[in-house]
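Each chain, written out:
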Amino acid sequence: MGAIWAARDFCLFLLLLNSRQSAALPEIRDVDECKFNNGGCQHTCVNTMGSYECRCKEGFFLSDNQHTCIHRSVEGLNCMNKDHGCAHICKETPKGGVACECRPGFELARNQRDCILTCNHGNGGCQHTCEDTENGPICRCHVRYTLQPDKRSCVERDESTTESADHNATSFTEVDKRVKRRLLMETCAVNNGGCDCTCKDTSTGVRCSCPVGFTLQPDGKTCKDIDECEHHNGGCEHFCRNTIGSFECNCRKGFKLLTDERSCQDIDECFFERTCDHTCVNSPGGFQCLCNKGYTMYGLAHCGDINECSVNNGGCEQGCENTMGGFECFCHPGYKLHWNKKDCIEAEGLPPAKPTFKPTLNCSKQEGGDRCFLTCQSQVHISSGTEDSYTVTCGMPLPCLAEAQKNNSGSQCLGPEMANVPRIKTTATFKSGAPKCNLKRSQEKLKENLNSAHSDSRFLFTENVQFSYVSLRCSSSGQRTRSRHGRKAGEEDGTSITAEFELDVNLEEVTAESCDLNCVRRRSEKRLRKTIRTLRKSINREQFHLHFAGSDYELSKTLGQPAELPGHCVGGQVLVGRKCVSCSVGTYFDGDQGRCVLCPAGTYQDEEGQLSCEVCPGPEGRDVSKVVGARNMSECGGQCSPGQYSHDGFIPCLPCPLGTYQLEVGRTSCFPCGGNLVTKRSGAVTFQECETKVQCSPGHYYNTSTHRCIRCPMGTYQGEFGQNYCVACPGNTTTDFDGSTNIMQCKNRHCGGELGDFTGYIESPNYPGNYPANVECTWTINPPPKRRILIVVPEIYLPIEDECGDYLVMRKSSLSNSVTTYETCQTYERPIAFTSRSKRLWIQFRSNEGNSGKGFQVPYVTYDEDYQELIEDIVRDGRLYASENHQEILKDKKLMKALFDVLAHPQNFFNYTAQESREMFPKSFIRFLRSKVLRFLRP
């Protein structure tokens, strides 16, 4: 009966672990793991009876994980020496030399080089019983069987040869009895009764049966696999793949398999915080990254500031100054900026401008502390930057122009249009304990409180300052924009508010006798420093309130308070269902009504999520536009169309003369083609209508001085024909070469990643966009004491070249002969996990001058070295990579983050409920891990 149980155990092992019978039992069919994803091997997969093994090409050797191959160009390393003597696995020791190891089912011989086969590997090749000895396994046969010359197979003895000649005349009845007796002698103890799988002894002989997923054939012995995918797609929602004895459901890209191992669910890529720089919009099977106004996309997920001034001077008639998320035109002395904010008109004889309400800061002592109110009635602008950040501005800034005068400290700007009104400009940063930036509408009546503070003598204003311009920018210290360039994990999280103040010096305080202009300026600076100290106290006490365009706001007091809760949407947003939605262009948020309202006639709004609308431009005495909900300045009506101009930008208009063009509305002049070029007609809209000597192709611009096409210099690009400019790359990006034709050729050269003691990741520059050419990155992972490093390479995209121009290497140190853990210069879409061969890792990525590719993002975790045996047992098992569903788990950033979290801090396992744990991973993956853990915990 012992043989029966052995056969049953083997059948179960066949179904659950994809193993196979040895060559001596032909009835059990071998499953070739190498057919599925190359068995997880990086180079060559070799199928064997009952197992498989990975092998490497010439010049490579197999790493400790038994799947990846390491290339060595440096001679003298012992394991690279073909005479290292190891029969199976050569492993480099920290102190030099080699240590040999054997594959599972083999034992290391006394000479510490050879490997001896044991009965644990395919029953030692024996057909019946196997016995281990010092010299290897010895095969034996059951009773009435004889061992063959091959010392492995067994055959039944022929009893007829031992009978005497006197029995040759036995009657037919006696022969029949002997046949029946032989049939009754057929037992499951001998060759499993001839059954492929399960054998059961009965009174009439053996009875064969097949496991689930197989069907018994007419011969009563053979089991045939059932193709479940032929019937209703196996119940799979997307794809069905038949396997030996079973089947597997797979999902389309962008979806993951649920725990029922049939259904597919969309992967919310936006859940992972590093997916997009600004806004991430999830969709079934994919996602889209969006950038805020004034920024443009590069590298598929990054947002960089647009340098508008690089394109025809930003459309400015005179000067152009680029700013983060925008730009500003300015004029030379004696001129004033037109209402269209681009043209310049003479400053003499202008009618006085309408008075504007300046932003006012009021602070008072209340309940033993400082409480401050910032009030702004007009020229309010609010925008969201990266996630958990916002910027609020009020008033009009006065840029320091090239012609402006500056004092020695740089804190005073003398604009040419306000030469007699010096302005003080300063910046201060305030720390806040809130983990996220959240500007929420206040539940209190701040306006009433402010009015009562004015009338109540108990609350005297300690500060009452009128600014010309205020900018408040809130950002979280743990933002992903920092982590992309190597932010050290564990930095103190929180928020900071960067405030910019511009204050006009009060010229009425200037007296010829006691205090001149410089004296008044110094007094103003002193008062401003005192005001900032008071404001800092109020922010620390969370007593800083904002009153913008009729709506009241305050900094969030509740840590981590979600914006989706009713009444807690950020400024410029309204609650729709259970989600906060920004007010669309052409509308603004009305604080009194608590909803988005169309911009009234005579106003417009060209941005989302704003608290007020901008006044439509127009000359004095002109009728107000009757358009409601205008989405930009041109919808206000009355302006000159592109290709036209007038003295004030309004109708009646004239067409641009020959040799000039204008592509914007409401302009007072047209741009000349330059170089004595003419246009085919008047009223030209773009430079492309200028009759150039030659038409320039993309990647070039037309030089009106030389009348030649010039290649766009590095850091710029041009994707159109016949243009006279090149566009500057956004943000801190540049191009690999000159003559670039697309913004996707603009790349960030910063080496990405976030290195922490417990978890972290490294990524190629500009990821997930193509990395730049001729770049070199170096990272070092130093785990805490008694911790080891586990690395997962979900996928890596490097151009395949014979010379390995681009490569990624991980080794103990920068020395070329140090212990190497991983090295590759090719593209591998199949994931691989492995443990570091050294306690610390030095990682280098290098690209040559001509290559580029998508690159990689590689996460890692450090774990307690007591789990070393368990972790290595998991990552070295080919079943971890054979299933496509298991491969998708290793690529799923959300699931890997949860796994790494528990590996780094096992106590965090209790942060997940039992249901959450069950719903995270397919059952096959749970079964795979459970078997490993139980074996590890078994005493």
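Residues numbered from 1 in each chain as written. Predicted model: local features only at pLDDT ≥ 70, side-chain atom pairs only at ≥ 80, totals over all residues. Heavy atoms only, no water.

Q: Where do I start with the overall build of the protein chain in this structure?
A: Scanning the protein chain from N- to C-terminus turns up 11 helices and 67 strands. Counting the 939 residues in the protein chain, one finds 45% classified as buried. Considering only intrachain contacts with a sequence separation of at least 6, the fraction spanning at least 24 residues in the protein chain is 54%. When the accessible surface of the protein chain is totalled, it reaches about 48500 Å², and 51% of it is carbon and sulfur. (Helix = DSSP H or I, 4+ residues; strand = E, 2+ residues; numbered from the N terminus. Buried < 20%, exposed > 50% of the residue type's maximum accessible area, 1.4 Å probe, protein only. Contact = heavy atoms within 4.5 Å. Areas by Shrake-Rupley, 256 points an atom, 1.4 Å probe, with all protein chains shown as cover.)

Q: I would appreciate a short explanation of the confidence of the model for the protein chain in the present structure.
A: Put simply, the protein chain has an average pLDDT of 77, and 77% of its residues get 70 or more. Counting interchain partners and residues more than four positions distant, the pLDDT-below-50 stretch residues 453-459 has 8 contacts. In the predicted structure, residues 478-492 sits below a pLDDT of 50 and forms 47 contacts with residues beyond four places in sequence or in another chain. (pLDDT = per-residue confidence, 0-100.)

Q: What is the right way to look at a nonpolar patch on the surface in this model?
A: On the surface, Leu507, Val510 and Leu517 cluster together into a nonpolar patch covering about 200 Å² of accessible area. Here Val510 shows up in the loop between β39 (495-504) and α5 (517-540). (Patch = residues over 30% accessible without salt bridge, like charges linked within 9 Å, V, L, I, M, F, W, Y side chains within 5 Å. Salt bridge = Lys/Arg side-chain N within 4 Å of Asp/Glu carboxyl O.)

Q: How should the packing of aromatic side chains be read in this particular structure?
A: For any pair of aromatic rings, the description consists of the separation of the ring centres together with the inter-plane angle of the planes. Counted by the stated rule, this structure contains 10 aromatic pairs. Relative to Phe856, the ring of Trp779 lies with its centre 6.3 Å away and its plane at 75°, an arrangement referred to as edge-to-face. Linking Trp779 in strand β60 (residues 776-781) with Phe856 in strand β67 (residues 855-864), this pair joins segments that are 77 residues apart in sequence. Of the two residues, Trp779 and Phe856, both sit in the buried class. Between Phe845 and Phe856 the ring centres are 5.2 Å apart and the planes differ by 80°, which places this aromatic pair in the edge-to-face class. In this pair, Phe845 sits in strand β66 (residues 841-846) while Phe856 sits in strand β67, placing the two residues 11 residues apart along the sequence. Taken individually, Phe845 and Phe856 each receive the classification buried, so the pair is uniform in this respect. (Phe/Tyr/Trp six-rings, centres within 6.5 Å; stacked < 30°, edge-to-face > 60°.)

Q: How do you make sense of the pattern of salt bridges when you look at a structure like this?
A: Under the definition given, this model contains 21 salt bridges. The partner of Asp606 in a salt bridge is Lys293, and the shortest N-O contact between them spans 3.1 Å. With Asp606 in the loop between β46 (603-604) and β47 (614-615) and Lys293 in the loop between β22 (286-290) and β23 (295-298), the pair connects residues that are 313 residues apart, well separated along the chain. The partly exposed category is assigned to Lys293, whose relative accessible area is 48%.

Q: What should I look at first to understand unusual backbone geometry in this one?
A: Leaving glycine aside, a negative phi is the common case for residues, and trans is the common case for peptide bonds. For the bond from Ile651 to Pro652, the omega torsion is 5°, close enough to zero to count as cis. Mapped onto the secondary structure, Pro652 falls in the loop between β48 (644-645) and β49 (654-655). The peptide bond linking Tyr767 to Pro768 adopts the cis configuration, its omega dihedral lying at 5°. The phi torsion at Glu261 lies on the positive side, around 60°, for a residue other than glycine. In this fold, Glu261 is placed in the loop between β19 (255-257) and β20 (264-266). In this structure Glu261 comes out as buried when scored by relative accessible area, which is 17%.

Q: Just checking my understanding: could you explain the state of the cysteines for this structure?
A: Working definition of a disulfide: a covalent bond connecting the sulfur atoms of two cysteines. Applying the stated criterion across every chain yields a total of 32 disulfides. A disulfide bridge connects Cys515 with Cys519, and the sulfur atoms are separated by 1.9 Å. The sign of the -105° torsion about the S-S bond sets the Cys515-Cys519 disulfide as left-handed. Taking the relative accessible area as the measure of exposure, Cys519 reaches 16% and is therefore buried. (Disulfide = S-S within 2.5 Å.)

Q: Just to check I follow, could you spell out α5 for this structure?
A: Residues spaced three or four apart along an α-helix point in a common direction, a consequence of the helix completing one turn every 3.6 residues. The end-to-end C-alpha distance of α5 is 35 Å, a good match for the 34 Å that 24 residues give at a rise of 1.5 Å each. Every buried residue belonging to α5 is among Cys519, Val520, Arg521, Ser524, Glu525, Leu528, Thr531, Ile532, Thr534, Leu535, Ser538 and Ile539, and all of these are buried. Between the side-chain oxygen at the start of α5 and the backbone nitrogen of Asn518 there is a gap of 3.4 Å, and the oxygen is on Asp516. Downstream of α5 by a residue or two, Glu542 has a phi angle that is positive, lying close to 55°. (Expected span 1.5 Å × (residues − 1). Polar contact = N/O pair within 3.5 Å; in protein donor to acceptor, adjacent residues only side chain to side chain.)

Q: I'm lost on the sheet that holds strand β63 (residues 807-811) in this one. Help?
A: Note: strands within a sheet are paired through backbone hydrogen bonds, in either parallel or antiparallel orientation. Ordered in space as β60-β66-β63-β64, the 4 strands form an open sheet in which the pairing is antiparallel. Looking at the sheet topology across the chains shown, the edges are occupied by β60 and β64 (820-824). Going from strand to strand, the sheet's axes swing by 10° on average, the running direction of each strand aside. (Pairing = 2+ DSSP bridges. Axes fitted to C-alpha atoms, helices over the stretch in contact; angles between N-to-C directions.)

Q: Help me understand helix α11 (residues 923-937), please; the structure alone is not making it clear to me.
A: In a regular helix each residue adds 1.5 Å, so 15 residues correspond to 21 Å; α11 covers 21 Å between its end C-alpha atoms and thus fits that length. Taken as a whole, α11 has its buried residues at Ser924, Phe925, Phe928 and Lys932. Projected down its long axis, α11 shows its buried positions confined to an angular sector of 115°, all on one face. Those residues of α11 that are buried are in contact with α6 (868-875), α7 (879-882), α8 (884-891) and α9 (893-904). (Arc of directions from axis to C-beta.)

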